[in-house]
Structure formats: structure tokens, C-alpha cells
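One-letter residues, chain by chain:
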2 protein chains.
Amino acid sequence: MKRPTIADVARRAGVSKGAVSYALNGQPGVSEITRQRILAIAAEIGFSPSRAARSLSGATADAVGLTLCRPARTLGIEPFFMELISGVEAELSARSYALTLQVVADQAAEVAVYRRWWGERRVDGVLVCDLRVDDRRVPVLEELGLPAVVIGGPGGTGGLASVWSDDAAALVETVEYLFALGHRRIARVGGLPALLHTEIRTEAFTRVCRRLGLADAVTVPADYTGEEGARATRRLLSSAGRPTAVIYDNDVMAIAGLSVAQEMGLAVPGEVSIVAWDDSPLCQLVHPPLTALGRDIPAYGAHAARQLLAVIGGAPADRVQDGTAHLTPRGSTAPPRAG
Amino acid sequence: MKRPTIADVARRAGVSKGAVSYALNGQPGVSEITRQRILAIAAEIGFSPSRAARSLSGATADAVGLTLCRPARTLGIEPFFMELISGVEAELSARSYALTLQVVADQAAEVAVYRRWWGERRVDGVLVCDLRVDDRRVPVLEELGLPAVVIGGPGGTGGLASVWSDDAAALVETVEYLFALGHRRIARVGGLPALLHTEIRTEAFTRVCRRLGLADAVTVPADYTGEEGARATRRLLSSAGRPTAVIYDNDVMAIAGLSVAQEMGLAVPGEVSIVAWDDSPLCQLVHPPLTALGRDIPAYGAHAARQLLAVIGGAPADRVQDGTAHLTPRGSTAPPRAG
DNA sequence: GCGGGGAACTTAACCGGGAAAGTGATCAGC
DNA sequence: GCTGATCACTTTCCCGGTTAAGTTCCCCGC
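To keep things clear, this report deals only with the structure shown in the data block.

Rules and cut-offs
Residues numbered from 1 in each chain as written. Chains lettered and ligands numbered in written order. Predicted model: local features only at pLDDT ≥ 70, side-chain atom pairs only at ≥ 80, totals over all residues. Near = placed C-beta within 6 Å. Helix = DSSP H or I, 4+ residues; strand = E, 2+ residues; numbered from the N terminus. Nonpolar A, V, L, I, M, F, W, Y, C, P; charged D, E, K, R; others polar. Pairing = 2+ DSSP bridges. Axes fitted to C-alpha atoms, helices over the stretch in contact; angles between N-to-C directions. Contact = placed C-beta atoms within 7 Å. Buried ≥ 20, exposed ≤ 12 C-beta atoms within 10 Å, placed from the backbone. Arc of directions from axis to C-beta.

Considering the protein's contact with DNA strand D
Phase 1: Every one of the 25 residues lining DNA strand D counts as a neighbour, but Ile6(A), Gly18(A), Ser21(A), Ser16(B) and Gly18(B) are closest to it.
Phase 2: Mapped onto the surface near DNA strand D, the elements with two or more residues apiece are α2 (17-24) and α4 (51-58) of chain A together with α2 (17-24) and α4 (51-58) of chain B.
Phase 3: In terms of residue class, the surface near DNA strand D is made up of ten nonpolar, 13 polar and two charged.

Right, dumping it as C-alpha cells:
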């Protein structure tokens, strides 16, 4: 019932608590026989050193923080965060680091959380998601000196370490694929415009379309929810000179878009081709299954966690590139029907 | 850069650190003028007390733990956990408690995590998900004396506090609704059979079907993934005397089932009606939109968190009932087509 | 037989707070 | 004018580890 302390172990072993500390941490200063005896006693009474006491001397909390700044409803439907977290976790728990999670309302709250965590020494570092254009968290983290790895970029990460994926290249690949199929009117339903990766994708989209000579390459901003995806799709598909292909910034909006197209009596992929960013099992459950840009999100998370641990360990704040998303063609894309 | 301590505040205020401690904690022992001066200085230099030092004296970690024991891919697609977490978080962060998350491989690992967390005083209590039949975590938690709230039941929670929802009643309501529509051959695609709530639902299903005189009320076990949902559906719909209605234990399997039915040329809801457990925006994105059993998962999580904080505070280990899921009829259910 | 050098410990200081006990000074009451 | 209470602090100890600085004791060499 009562949690044993190092003093309990010492008493039972008939040694001082210093000796127990040496024994448990594999340091010289105790004989092998004594060490084994101490370890056996510690295991027997279920002793594990108090993290608080340890971090009070040692200065590390053995925990990293992650804040999520999205409304509850979009957090739930998007597999991205949960997959990211499970990847982060895999890496952290292998080194017995804990993950402290906090859902915040806005960036101001997030910055406050960072300050508190660091002041309280609750975490040794943080992972930063949903990087924004001119993100106010970046200068704060730099000022605090709180070890951090930004999941996102490239660019906009200041002097902080980051792990990024080349969304621009993935988008170019997608547009070129649709172009090769014969599409000339391609539209895009984007994510939240304030997010940096949305801007990166939008810019890449505009650039590649101009290069290919596609005039009206429009991006309709949305917010990753099905409702917004549906509304944007309705707008696009009811316009004069409607697109023959639509790229969506996440799977939920793509599925909503597919529904809207079918509702409007448009054949997919005959009259409209659909591509989803973020491949997920859902993309394969609908009819037709969605062509999607997928990548290994848990690995991305693990990569970020690994880098954060390195930065905490004193490594320089590198900007590391993770794998680029690759296109998996499925039934939702085809050459546009002539007409 | 360097994190200030209480001694820094004391030095700048020209008082002892004891005085600073009283001032910050709102205790008597300092004059109001001094208190204000100390608070101003603390705010100015960005001081927040070290959690480690505080919990070393005070014994509370101001953190609760949550372990998730599902493979990464099913964690991602199911909105349940993320919604639960956001609800838990809302309650915890209001009382500035932190949430420590750990993804584990199996129950043995989970038990080890509990032992470590408690021994390390990393958490003040834990939330237990995915309660199993004869769950081995329950006796361990009781033995450790680690405050815990089980999210699940009723039953199987030993002497631990719990928050539960009446799945049996919700299932009965669903079957009666389908019966009233005229369905006489109703099947169910269940979740993992090892989970207690699956067993509760299965038993309730069997009982209500017997009561209504529905002979072949079969439950096909599955694992919440789309693939298994599709496989189970294929099996059910290709059998002789195929069901005219199928109830799925989660939304992903229901969507997969809908796809399979449409693939097999069966009209939904004309030839097969479909009901999903766990309503989510996805259910409204497919065609036809799915009739679903929904409830407020974030509120469920908040409820559990609130109870855990109460138990940590010394409240008795009650078993509290949360709201029952309610049926939202949509386009996927209708009277069976005569034939 | 005695000093030197380790090995195997013990002791004690420290980390950063909380809180009980102690210290002056002021003030009220008799 | 003395006692006692109260205020506003300061001092000191404690939490449970880590670790630098001793302290024994034993072995070895000369």
C-alpha cells in the first residue's frame, strides 16, 4: 500500500541509501554481491525511485510534452494525431520517457502551457504541431530555451529543430499525375489557411498549375471537417467550368466531397476525379476507393520523438527531412470523360 | 534562459523563501503589500514552482495517467479515444492537472506501467480503458492502492470506482426499433470478444432477440477494423437466410459493411438495414447516412476525469452511470423490402 | 610492521519547494 | 509596566533521491 522509498530498501539491505543509489544506477562503489542483494530487495518490495526526487537532483523530468490545438470534433475524426502520438510513444517508451498531453484552446493558451511546463520542470522538451505562418510559439520557445522539435516546415521554424516532409513535392507529383491522365481543370480544397503546410501546398499548387498551363487552378479554403469539405465541393462542382479533378487536404473532406459529387449525380471518377491527402483505412472503405497521398505517420512521430530526445541530449537543432508522401492510385481517379 | 527558483524570487524581493512560499500559496504570514510585491516579481521573472520539488514535499504529482492498449492502426481510425482524451483533458486542465499518456502492447506491459508510475509517484491516479472480462489490471490496481477509475462496466470493476454506460439498454432499444420496422432476421458484427462491453452487448443482444422470438440472432466477432467488418458482412450477407438488418459495434465496421452490401448489389436500406454503434461525422458522410447509436464521448471522458479527481481527493469508489447511447435514425434503416 | 592505495562502503550536502517552529516588534489589556 | 497575543517574517527541517567527500578495512610491497 505505502510506496517504498530508497530508505526502506537500504534498511532491509542493511546498507546506507547512498549504497542503494549506487547499486541501482550501476555505478561503482558497491561490490557485485551487495549490488545483487540490493537489486533483489528492491524488486521484492516493488521499489522504483520517485521521479520527483530524482529530477530534483538530476534536473531531467524524463517527460516530453505535446499540445494539441484543435477543436475536439476535428481532433476525433482525424486519424493523424492519434497515429502521430502512437509513433511518438513507441519511441519514448522505449527510453522510458513519458508523454504529457494537453489539449488547448488557442495559441495563447499553448504558449502559457509551455511556460508553465518549463518553469515547473515538468517536461524536458516539447513537440510542436500545426506550425502556423509566423508562428508565435517559435520565438517563445527560443526565448525560454525549452528544447523543442517542430513537426512541420520547411521554413518558419526559426532556430528550432524540426522534422518536415516535402508536401510541395507530393502535391506536384499529384497534379502531374492528374495532368497526365488528361485533366486540365484541377481544383483543390485546402486546410486551414493559417497553417504553414496549407500555405506551402497552396503555393506549390499554384506554381505547378501555372507551369503546366492550367489557368483556373483554384484553392478553396476549408477547415478539415466534413461539412466544410462538402460545402467547398458543392461550390466547386456547381460552378461554370467545373473542375474534372479535386484534391482534398485531408481524407474526411475527400470523403465528404465524394458524397457530394455522387449526390449531385456526377460520376466518380468519370466526371470528377478525387484525390485525398492523408491515406487512411477510410479511403478504402468508400466507393469508389479513394486515390490518396499517404505516408507513414507513426514513423513520422517516432522520427520527431527521436530528434527531440537528441536535442534534449544536447544535439544541435537540425532540420531533418522525413519521407515524402506517395500517391496510391485507386478507383477515384481516371481520365476525364470527354465532353 | 535559466529557470528561476523560489530563492531567486526571495532574493529580489529581499525576503526569505519561506515568505515567498506563503505569498504564492495565499497563506497568512505575509502582509498584503509584501504579497503583491512578491507576486509581481514572480510574474516578472516568469517563476513557477518546480513540480518535482513541490510533489516531493506534498506527495501529489498533479498528473493522471491513461494507457491505451490497441494497435496503432485501430487507435488512429477510431475517433473514440481521441474524443475521450479531449474530454478528459478539458476537465483536467481546468484544475491544472496534466495527462500522461502511454501506448502499451499488452496488459502485462500496462500493469508494469501502472506499477512504475505509482512507484515513481509520476501520477496520482489512472483511468482504465477497454475493460476486459476477468481483467487482470483490476486486482493489481487494488493491491497497489493506486486511485483509479474504470471507464466501463457495469461489473468486473472489483472495488474500483467506475463510470459506465448502459450498453445493454441501448442495444435493446436498437433491436426493438428494428423489430418495429418489421425486421425479423437481425445480425450483429461485434467488437473484440475479450472486451467486457462486447460481452455485455452480446448477451443483451441474445436475450432481447430471444424475447422477441428472433431465432437466428447471430453475433459475428470482429476487431473494429474495416477489413474484419467487411469480412464479417460478406459472410453474413452471403449466407442462406441472410439478415435484413445488421448492427455493427463501431462506425468503421459499419461503413465497411455498407460498402460490402453495395458491392454485392444489395440495396441499403431496402434489402439490408445498417446500424452503427459510435456515431461520428463519418456516419453522415456516406450514402446513405448511417443510423447510429451515439453519445457524448468527450462528456464521458470529462465525467471519468472528474470522478478520478474525486477519488484522488479521498472520495469513495463509486460506480457512476453516464448517459445511455441514443439512436439517431438516418437513411440506412427502413422496413425490410417484402420478399 | 608500517605506509600507500584501493575497494566498499557511510556521511553529509544538495536539489527546490512546503510548512512547523522560532524570533522580534508592536500593541492591547490589566 | 508587565504579560500575552498577534503580526510579519526568518530559520530550520523535511521530502527522496544523487553525489562529492570522507571513513574503514584489507591487501600489498618493502
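From this point, the narrative continues.
Comments concerning the sheet that holds strand β12 (residues 326-328) of chain B
Residues and elements named next belong to chain B.
Phase 1: With mixed pairing, the six strands of this open sheet are ordered in space as β7-β6-β8-β9-β10-β12. Strand pairing shows two members of the sheet lacking a second neighbour, β7 (219-221) and β12, which therefore form its edges. Pairwise comparison of adjacent strand axes, ignoring direction, gives a mean angle of 20° for this sheet.
Phase 2: Bridge analysis of strand β9 (residues 273-277) against strand β10 (residues 291-294) gives three bridges, and the strand direction is parallel. The partner of Trp-277 across the bridge, within β10, is Leu-293.
Phase 3: The strands touched by helix α11 (residues 226-237) within the sheet are β6 (186-190), β7 and β8 (245-248), with β6 carrying the most contacts at an inclination of about 155°.

Examining α2(B)
All names here are of chain B.
Phase 1: Buried within α2 are the following residues: Ala-19, Val-20 and Ala-23. Around the axis of α2, the buried residues are gathered within 100° of arc, so they sit on the same side.
Phase 2: Tucked into the core, α2 has its buried residues touching α1 (6-13) and α3 (32-44).
Phase 3: Downstream of α2 by one or two residues, Gly-26 has phi in the positive range, about 65°.

Considerations on unusual backbone geometry
A negative phi holds for most residues other than glycine; trans holds for most peptide bonds.
All names here are of chain B.
Phase 1: Cis geometry is adopted by the peptide bond preceding Pro-154, which originates at Gly-153 and carries an omega value of 5°.
Phase 2: With respect to the secondary-structure elements, Pro-154 resides in the loop between β4 (148-151) and β5 (161-164).
Phase 3: Cis geometry is found at the peptide bond from His-287 to Pro-288, where omega equals -10°.
Phase 4: With respect to the helices and strands, the residue Pro-288 is situated in the loop between α13 (281-285) and β10.

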